[in-house]
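Single-letter residue listing:
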Amino acid sequence: MSSYFGFPTGVGCEVEKNNVDEFRALRSAVKYSIQKDYNTYLRLTEKNLISNPRKFWSYFNNTKHNSPNSLYYNNVCYENDGDIANAFADYFKSVFKPSTNYDIKNEFKSNSVGDFVKIDSVTYDDVVLAIRELNSSLTVGVDNIPSFIIKGCAEFFIYPLLILFNLSLRSNVFPYVWKQTRIIPVFKKGDAQDCKNYRPIAILSPMSKIFESIIHKRLFHQVKNLISPSQHGFIPKHSTATNLFCLTNKIISSFQIGSQLDVIYTDFSKAFDSIDFGILLNKLHGLGFHVNLTDWLHSYLCNRSLYVYFNNAVSREFSGTSGVPQGSNLGPLLFILFINDLTSVFKYSECLLFADDLKLFSSMNSNLDAVLLQSDLDCLFKWCTVNKLHLNIEKCSILSYTRKSQPLNHVYKINDLVLSRSDSVTDLGIIFDTKLDFSQHINSMVSKAYRRLGILKRKTKEFSSEIALKVLYYAHVRSSLEYCSIVWDPIYRNKIEIIERIQNNFLRYLLYKKNGIYLQDVSSSYLRDMFNIPSLCSRRDVSCVLFFYKVINGSIDCTDILSAINFPVPARSLRNQGSFPNVYSRFKYIDRFSLYKFYKTFNKISGELDIYHMSPTVFKSNCFQLLYA
């Protein structure tokens, strides 16, 4: 009898069949386990994205840039991780400048003007509040202590930190170990092998952040009235929206009187990294900082040690010889105080600031007005020279806002270099054009939103949670469609529909995820009702009313906006004493201006709302009910 591997023929076939069946069973079990675990992973991911939608970009790992295998800096190629880290260190170090050296104590003793701003000690409650407000994070600085450990064990850290903080203030010395900074290079765009296409992300010790948070609150409370009202950056109750509204208000006012508004957009080169320590401390002294506080700030700024961390490789250490510390709580406030006196050098023009973003503008009625604006531009260059800040003149530009057929095109110069004149400019994320039309901005915004929606749909095709999809849409698509909408809100139906189509596209995707069928003939209003998502147009109306409610009630603290509002002074005979006067004009750009749109929108519902006495929560809730569609 023939055999099969030592077995009789029939027995061998039976063994082989059993092995195949066993393999198939095991393979099915493995596939089932993999699919089960993957489904569990998806459900957990959806759950986590609901609470923290920013994690979507971590889940979307295809958008993450892999670390380069080689790097070019100054025409030299580096391939070893350690060499690449050192190349990054050399590049990041190159932006710093030498600061003025002087004996700060002697300087201040001879020029003391007062001790109006000082911090003598830190209290127990200060430390408790600062720890409570510390962001929980897994990232660690040089001390390798994540912030969530400090928050979770706060009762063990409060008293030691309280002692250390007060000792630091008494000795006017900021601990050196808290000045050590880990730098992570992050790719921006362009060639991934070019060192100059990366920006540094500074990771500080959480102990330093707690201390800085306390000092920042104390300082800001004492200096907030000294900060120029033209500054909108890093100031509570101010934002990019307040900055851009003030500019838009000036443009509209210029249009109404048939004038032209010339706006010069400036660009400082590495402004935050270029601050001279000596000049900064001298300015703080002029504002009335106590000598002990300036000594402490001198210790805080100087001799900061930085190193680059790249692929587990550490670069050689280098010092930051200028600039305010990146990623710090105190840095932005110190920069604002440094640049604060810039607004006082302009005699004939107005200006708006958002941190280092400066706009200089003036109304043009004759060539003399242009000459005066040029004079202030010369003063700006002199100020930059004295304060050792460099203007990137090639990126500075001039935009003339006018509806005249023959505008006045004056040639403006900085240091004898002619500024470029353009028809549009991107200002704090919004594209402005000479006619204040915003069509270019809307088209660009819609294009970006479609790309984001496409990414969301591709990467969530295996998701089933309606809540998770809506949260991701709100966070990554709708938010970009509503940024500063009080500035560019369209009035023409075609522009409104172009924006609404993005949300309609998402609503049909939600319906597909719910029913498994992609329908195109379902009305958008039916889908909005089904998924309880209001139209983008109605949301812009609500946003406009809420913005001016905050202005009127002090949640937005901007005197320029408040003074622009034409408050009603009703007579007794009027029935509705809560209405604002409507503005009528034959020009459509007037209807688009957010303030006048607020008048019209609010007047429709003023009988149901009390803008002066309602609490924010109640007012917002009633606005949603009355304006959402």
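Residues numbered from 1 in each chain as written. Predicted model: local features only at pLDDT ≥ 70, side-chain atom pairs only at ≥ 80, totals over all residues. Heavy atoms only, no water.

We now examine the UniProt feature "domain: Reverse transcriptase" (unreviewed entry) in the protein. Per the UniProt record, "domain: Reverse transcriptase" (unreviewed entry) is found at residues 167-432. Along residues 167-432 one finds 34% helix and 23% strand; the C-alpha atoms at either end are 51 Å apart. (UniProt positions renumbered as here; feature names shortened; annotations may be inferred. Helix = DSSP H or I, 4+ residues; strand = E, 2+ residues; numbered from the N terminus.)

With that settled, consider the sheet that holds strand 11 (residues 350-354). In space, the 5 strands of this open sheet follow the order 11-12-7-13-16, with mixed pairing throughout. This sheet does not close on itself; its edge strands, each paired only once, are strand 11 and strand 16 (420-421). Sheet analysis places strand 13 (residues 397-401) next to strand 16, joined by 2 bridges and oriented parallel. Of the residues in strand 16, the one forming a bridge with S397 is S420. (Pairing = 2+ DSSP bridges.)

This paragraph deals with the domain arrangement of the protein. By convention, interface size is frequently given as the accessible area that disappears when the constituent parts associate. Split into domains, the protein comes out as domain 1 (71-229 + 270-336), domain 2 (255-266 + 340-433), domain 3 (439-533) and domain 4 (538-627). Each of domain 2 and domain 4 has a C-alpha centre, and the two are 32 Å apart. (Domains from an automatic or database assignment.)

For the rest of this paragraph, the subject is the environment of T402. One can find T402 in the loop between strand 13 and strand 14 (413-414). Considered as a pair, T402 and S33 are 369 residues apart in the sequence and their alpha carbons are 67 Å apart. A polar side-chain atom of T402 sits 3.0 Å from the main-chain amide nitrogen of K404. (Polar contact = N/O pair within 3.5 Å; in protein donor to acceptor, adjacent residues only side chain to side chain.)

Turning our attention to the pattern of salt bridges. Two side chains that carry opposite charge are able to pair once their charged atoms sit near each other. On inspection of all chains with the given rule, the structure shows 13 salt bridges. The shortest N-O distance in the salt bridge between D126 and R218 comes to 2.7 Å. Within this pair, whereas D126 is found in helix 5 (residues 124-133), its partner R218 is found in helix 8 (residues 206-223), the two being separated by 92 residues in sequence. Judged by relative accessible area, R218 falls into the partly exposed class, the value being 26%. Between R539 and E482 there is a salt bridge; the shortest N-O distance is 2.5 Å. Here E482 lies in helix 15 (residues 466-482) and R539 lies in helix 19 (residues 536-552), a separation of 57 residues in the sequence. Via salt bridges that share partners, D489, R540, D541 and K597 belong to a single interconnected network. (Salt bridge = Lys/Arg side-chain N within 4 Å of Asp/Glu carboxyl O. Buried < 20%, exposed > 50% of the residue type's maximum accessible area, 1.4 Å probe, protein only.)

Relative to the helices and strands, S274 resides in the loop between strand 7 (260-265) and helix 10 (277-286). A polar side-chain atom of S274 sits 2.6 Å from the main-chain carbonyl oxygen of K270. Once you skip the residues sitting within four places of it in the chain, S274 turns out to touch V95, K97, S269, S322, G323, K388 and L389. (Contact = heavy atoms within 4.5 Å.)

Y401, F432, F506, F548, L595, F598 and F619 are the most contacted members of the largest nonpolar core, which totals 82 residues. Here this core takes 10 residues from helix 19, the largest share from any one element. Discounting residues that sit within four places of it in the chain, L595 has contacts with F245, F548, A564 and I565. Among the nonpolar cores identified, the runner-up in size contains 74 residues, and I119, I150, A154 and L358 belong to it. (Core = buried A, V, L, I, M, F, W, Y, C linked by side-chain atoms within 4.5 Å.)

Taken together, L562, F567 and Y612 make up a surface patch of nonpolar side chains, about 240 Å² in accessible area. Locating L562 in the fold gives a position in helix 20 (residues 559-564). (Patch = residues over 30% accessible without salt bridge, like charges linked within 9 Å, V, L, I, M, F, W, Y side chains within 5 Å. Areas by Shrake-Rupley, 256 points an atom, 1.4 Å probe, with all protein chains shown as cover.)

Moving on: the packing of helix 19 against helix 22 (residues 594-605). The interhelical angle for the contact between helix 19 and helix 22, taken along N-to-C directions, is 100°, at an axis separation of 9 Å. Relative to helix 22, the element helix 19 is oriented roughly perpendicular. For the pair helix 19 and helix 22, contact is made by D541, C544, V545, F548 and I552 and by S594, L595, K597, F598, T601 and F602, respectively. Of the residues belonging to the contact of helix 19 with helix 22, the class tally is 7 nonpolar, 2 polar and 2 charged. (Axes fitted to C-alpha atoms, helices over the stretch in contact; angles between N-to-C directions. Parallel < 35°, antiparallel > 145°, perpendicular 65-115°, else oblique. Nonpolar A, V, L, I, M, F, W, Y, C, P; charged D, E, K, R; others polar.)

Below, the discussion takes up the state of the cysteines. According to the stated counting rule, one finds 0 disulfides in the structure shown. C246 supplies the cysteine sulfur nearest to C351, a cysteine that is in no disulfide, at a spacing of 11 Å. Of all cysteine sulfurs in the structure, the one in C544 sits closest to C623, which takes part in no disulfide; the separation is 10 Å. (Disulfide = S-S within 2.5 Å.)

Counting buried positions over the 8 residues of strand 12 (residues 357-364) gives 6, a clear majority of the element. Strand direction decides the pairing type here: strand 11 and strand 12, joined by 5 bridges, are antiparallel. What sits directly across from L352, in strand 12, is K359.

Let's shift gears to the side chain of N172. Among the structural elements, N172 can be located in the loop between helix 7 (154-171) and strand 5 (181-187). Residue N172 is classed as buried on the basis of its relative accessible area of 17%. Residue contacts for N172: discarding those within four places in its chain leaves N292, D295, W296 and S299.

This next bit is on the packing of helix 14 (residues 439-459) against helix 17 (residues 493-515). Relative orientation of the contacting elements helix 14 and helix 17 amounts to 5°, with a least axis distance of 10 Å. The angle between helix 14 and helix 17 places the two elements in the roughly parallel class. Two secondary-structure elements touch here, helix 14 through S439, I442, N443, M445, V446, A449, Y450, L453, L456 and K457 and helix 17 through K495, I498, I499, R501, I502, N505, F506 and Y509. Of the residues that constitute the contact of helix 14 with helix 17, the class distribution is 12 nonpolar, 3 polar and 3 charged.

Here strand 13 lies mainly inside the structure; 5 of its 5 residues are buried. Burial along strand 13 is two-sided: the residues S397, L399 and Y401 and I398 and S400 are all buried.

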